[in-house]
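One letter stands for each residue in the lines below.
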Amino acid sequence: NSKVIQTPRYLVKGQGQKAKMRCIPEKGHPVVFWYQQNKNNEFKFLINFQNQEVLQQIDMTEKRFSAECPSNSPCSLEIQSSEAGDSALYLCASSLYIQDTQYFGPGTRLLVL
Amino acid sequence: AQSVTQPDARVTVSEGASLQLRCKYSYSGTPYLFWYVQYPRQGLQLLLKYYSGDPVVQGVNGFEAEFSKSNSSFHLRKASVHWSDSAVYFCALKTGSSGSWQLIFGSGTQLTVMP
């Protein structure tokens, strides 16, 4: 079973508000991925890190989304100005190597009213 | 472009019956394939994975999957389902092309096991 920890489990924000969620990867896993799963079960890759460095991110995250994985602190994903379309389950996954199996956390369910 | 198709959005079976969930992928190279399960209000749990070798891979809780390069398929099977297997099952593909290692997911199959 995965040992990826995500907090909070649920997050409710108004439009225009900041939304921040955190992820602690499995111990010893330097690679972290963030995905967005919408209500239609469509997954969108957002960003990934190896240690503290961004390896790849999609254009969406360069505007309202920001993420970081500081040393000795949880990784985080923040939406600067939430929109209704951001309502989704945000999943964090970690792996030992970039090409290795990804293990997922329970997700943070964001509702933007 | 790489893609994953799960043609069955919903599958209903009786407890104790056998199960097959279908997955087709599109990728010209050698794929890395996964099956994940998602229980209500939870994240994704890995059932099994295929990287290379024996095309039949065993997973947790009695699940297995068979890779077919000729059919571009990676179907999930279980000989006898239990009511607790009710969940959404996702097939996923990872290719590593262009240095990208993110997972490409199918749309999922909602499995309902009737008692």
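Treat the numbers as computed from the prediction; the structure is a model and nothing was measured. (Residues numbered from 1 in each chain as written. Chains lettered and ligands numbered in written order. Predicted model: local features only at pLDDT ≥ 70, side-chain atom pairs only at ≥ 80, totals over all residues. Heavy atoms only, no water.)

Moving on, we get to unusual backbone geometry. The peptide bond linking A:Thr7 to A:Pro8 adopts the cis configuration, its omega dihedral lying at -10°. Relative to the helices and strands, A:Pro8 resides in the loop between strand 1 (5-7) and strand 2 (10-13). Positive phi outside glycine occurs at A:Asn41, with the angle close to 60°. With respect to the secondary-structure elements, A:Asn41 resides in the loop between strand 4 (31-37) and strand 5 (43-50). For A:Asn41, a relative accessible area of 22% translates into the label partly exposed. Positive phi is not limited to glycine here, since B:Arg41 has a value of about 60°. (Helix = DSSP H or I, 4+ residues; strand = E, 2+ residues; numbered from the N terminus. Buried < 20%, exposed > 50% of the residue type's maximum accessible area, 1.4 Å probe, protein only.)

The next subject is the packing of aromatic side chains. Residues and elements named next belong to chain B. Tallied over the full model, the rule gives 20 aromatic pairs over all chains. With centroids separated by 6.0 Å and ring planes inclined at 40°, the aromatic side chains of Tyr 32 and Trp 101 adopt a geometry described as tilted. Here the residue Tyr 32 occupies a position in strand 5 (residues 32-38), and Trp 101 occupies one in the loop between strand 10 (87-94) and strand 11 (104-105), the gap between them amounting to 69 residues. Since its relative accessible area comes to 24%, Tyr 32 is described here as partly exposed. For Trp 101, a relative accessible area of 15% puts it in the buried group. A ring pair is formed by Tyr 50 and Phe 67, whose centres lie 4.4 Å apart and whose planes are at 20°; its orientation type is stacked. (Phe/Tyr/Trp six-rings, centres within 6.5 Å; stacked < 30°, edge-to-face > 60°.)

Looking now at the interface of chain A and chain B. The interface of chain A with chain B comprises 21 residues on the first partner and 21 residues on the second. Roughly 1600 Å² of surface becomes buried between chain A and chain B when both sides are summed, with 54% attributable to carbon and sulfur atoms. Sorting the residues of chain A by area buried against chain B places A:Phe43, A:Thr101 and A:Phe104 first, and these three jointly supply 28% of that buried surface. Linking chain A to chain B there are 10 residue pairs in polar contact (both at pLDDT 80 or more). At the level of secondary structure, the elements contributing two or more residues to the side of chain A that touches chain B comprise strand 4, strand 5, strand 9 (88-95) and strand 10 (103-104) of chain A. Here the side of chain A that touches chain B is built from residues that sort into 11 nonpolar, eight polar and two charged. (Contact = heavy atoms within 4.5 Å. Buried area = accessible area lost by both parts, 1.4 Å probe. Polar contact = N/O pair within 3.5 Å; in protein donor to acceptor, adjacent residues only side chain to side chain. Nonpolar A, V, L, I, M, F, W, Y, C, P; charged D, E, K, R; others polar.)

As a further point, take the state of the cysteines. Working definition of a disulfide: a covalent bond connecting the sulfur atoms of two cysteines. Residue and element names in this part refer to chain B. The tally for this structure, following the rule as stated, stands at three disulfides over all chains. There is a disulfide in this structure between Cys 23 and Cys 91, and the S-S distance comes to 2.0 Å. Handedness here is read from the sign of the S-S torsion; for Cys 23 and Cys 91, about -65°, the answer is left-handed. Here Cys 91 lies in strand 10 and Cys 23 lies in the loop between strand 3 (19-21) and strand 4 (24-26), a separation of 68 residues in the sequence. For Cys 23, a relative accessible area of 0% gives the class buried. Take Cys 91: its relative accessible area is 0%, and that puts it in the buried class. When the bonded cysteines of chain A are counted from the start of the sequence, the pairing works out to 1-4, 2-3. (Disulfide = S-S within 2.5 Å.)

What follows concerns the sheet that holds strand 8 (residues 75-79) of chain A. All names here are of chain A. If you walk across this open sheet you meet the four strands as 1-3-8-7, and the pairing is antiparallel. Among the strands making up the open sheet, the edge pair consists of strand 1 and strand 7 (65-68). When the angles between neighbouring strand axes are averaged without regard to direction, this sheet yields 15°. By the bridge criterion, four bridges tie strand 7 to strand 8 in an arrangement that is antiparallel. What sits directly across from Ala 67, in strand 8, is Leu 77. (Pairing = 2+ DSSP bridges. Axes fitted to C-alpha atoms, helices over the stretch in contact; angles between N-to-C directions.)

Once that is clear, we can look at the pairing of strand 5 of chain B. Residue and element names in this part refer to chain B. With respect to burial, strand 5 is a largely interior element, six of its seven residues being buried. Summarising the sheet, strand 5 and strand 10 pair through seven bridges and their orientation is antiparallel. Each bridged residue has a counterpart across the sheet, and for Tyr 36 the counterpart in strand 10 is Phe 90. One ladder, built from six bridges, connects strand 5 with strand 6 (residues 44-50); its direction is antiparallel. When the sheet's bridge partners are listed, Val 37 is paired in strand 6 with Gln 45. If you look at the hairpin formed by strand 5 and strand 6, you'll find five residues sitting between the two strands, and Arg 41 has a positive phi there, around 60°.

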